[in-house]
Amino acid sequence: MKKITYSPKGVCSREMQVEIDDNGIITSVHISGGCAGNTQGVSRLIEGMDAKKAIEKISGIRCGFKSTSCPNELAKAIAECLGE
């Protein structure tokens, strides 16, 4: 089991906690701050998903005119948890 606490940059959320099991499956995601409905929705959608597949799906998403978004920052957190 791998676990990380990540501090996102350039978004409203303040902290992301990600757990990935030894098979590369995301077992838990918790995001503090940000738009509660959106962050809870993204978290629930990727729990149980292969971590690399989740990165592919949510990486590169932008929020308005920002160069990043909570999903994009979550992709970074997942990649860091995997050691990538």
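Residues numbered from 1 in each chain as written. Predicted model: local features only at pLDDT ≥ 70, side-chain atom pairs only at ≥ 80, totals over all residues. Heavy atoms only, no water.

1. Looking at the overall build of the chain
Put simply, the rule is: Labels follow the DSSP assignment, with helices taken as runs of H or I lasting at least four residues and strands as runs of E lasting at least two, numbered in each case from the N terminus. We compute the radius of gyration over the C-alpha atoms and compare it with the globule rule, which gives 2.2 Å times the number of residues raised to the power 0.38. Note on classification: 1.4 Å probe, protein chains only; a residue is buried when its accessible area is under 20% of the maximum for its type, exposed when over 50%, partly exposed between these limits. By definition in these notes, contact holds between two residues if any of their heavy atoms fall within 4.5 Å. Here the Shrake-Rupley method, with its probe set to 1.4 Å, supplies the accessible areas, and only the displayed protein chains count as covering residues.
A tally of regular secondary structure across the chain gives 3 helices and 3 strands. Mapped in sequence order, the helices and strands of the chain form the string β-β-β-α-α-α. Taken against the 2.2 N^0.38 rule, which gives 12 Å for 84 residues, the C-alpha radius of gyration of the chain at 11 Å falls within 12% of a compact globule. Its C-alpha atoms give the chain principal-axis dimensions of about 35 × 20 × 20 Å. Evaluated residue by residue, the chain yields a buried proportion of 38% over its 84 residues. Relative to all contacts within the chain whose residues are 6 or more apart in sequence, the contacts with residues 24 or more apart total 43%. Accessible area of the chain: about 4,900 Å², with a carbon and sulfur share of 51%.

2. Re the packing of helix H1 (residues 36-46) against helix H3 (residues 70-82)
Heads up, the condition is: Angles run from 0 to 180 degrees between N-to-C directions of axes, and those axes are lines fitted to C-alpha atoms, restricted for helices to the stretch in contact. When an angle is under 35 degrees it counts as roughly parallel; over 145 it counts as roughly antiparallel; between 65 and 115 it counts as roughly perpendicular; any other value is oblique. Here a crossing is taken to be left-handed if its near helix is turned anticlockwise relative to the far helix by less than a right angle, and right-handed if that turn runs clockwise.
At a minimum axis separation of 11 Å, H1 and H3 run at an interaxial angle of 40°. By the angle class used here, H1 and H3 are oblique. Where H1 crosses over H3, the handedness of that crossing is right-handed. For the pair H1 and H3, contact is made by Thr39, Val42 and Ile46 and by Cys70, Pro71, Leu74 and Ile78, respectively.

3. Let's talk about the sheet that holds strand E3 (residues 26-33)
This is how it is decided: Pairing between two strands requires that DSSP report at least two bridges joining them.
A sheet is described by the order of its strands in space; here 3 strands give the open sequence E1-E2-E3, paired in antiparallel fashion. Here the strands that pair on one side only, and so sit at the sheet edges, are strand E1 (2-6) and E3. Going across the sheet, the axis of each strand differs from the next one's by a mean of 5°, ignoring polarity. Set on the sheet, H3 makes contact with E1, strand E2 (13-20) and E3; between it and E2 the angle comes to about 40°.

4. Structural notes on the nonpolar core
If you look at soluble globular proteins, the nonpolar side chains tend to sit buried side by side. The following threshold applies: Here, the term nonpolar core denotes a set of buried Ala, Val, Leu, Ile, Met, Phe, Trp, Tyr and Cys residues that are joined through side-chain atoms within 4.5 Å.
In terms of nonpolar packing, the biggest core is built from 22 residues, with Val18, Ile20, Ile26, Ile46, Leu74 and Ile78 touching the most fellow members. The biggest single contributor to this core is H3, with 8 residues. Filtering out sequence-adjacent residues up to four positions away, Val18 remains in contact with Lys2, Lys3, Ile4, Ser28, Leu74, Ala77, Ile78 and Cys81.

5. Things to note about H1
Short version of the rule: Here the arc refers to the directions that run from the helix axis out to each C-beta atom.
Taken as a whole, H1 has its buried residues at Thr39, Ser43 and Ile46. On an axial view of H1, the arc spanned by its buried residues comes to 80°, and they lie on one face. Seen from the open side of H1, the exposed residues pointing more than 90 degrees away from its buried face are Gly37, Asn38, Arg44 and Leu45. On its buried face, H1 sits against E3, helix H2 (51-58) and H3. Following H1 by one or two positions, Gly48 has its phi on the positive side, about 90°.

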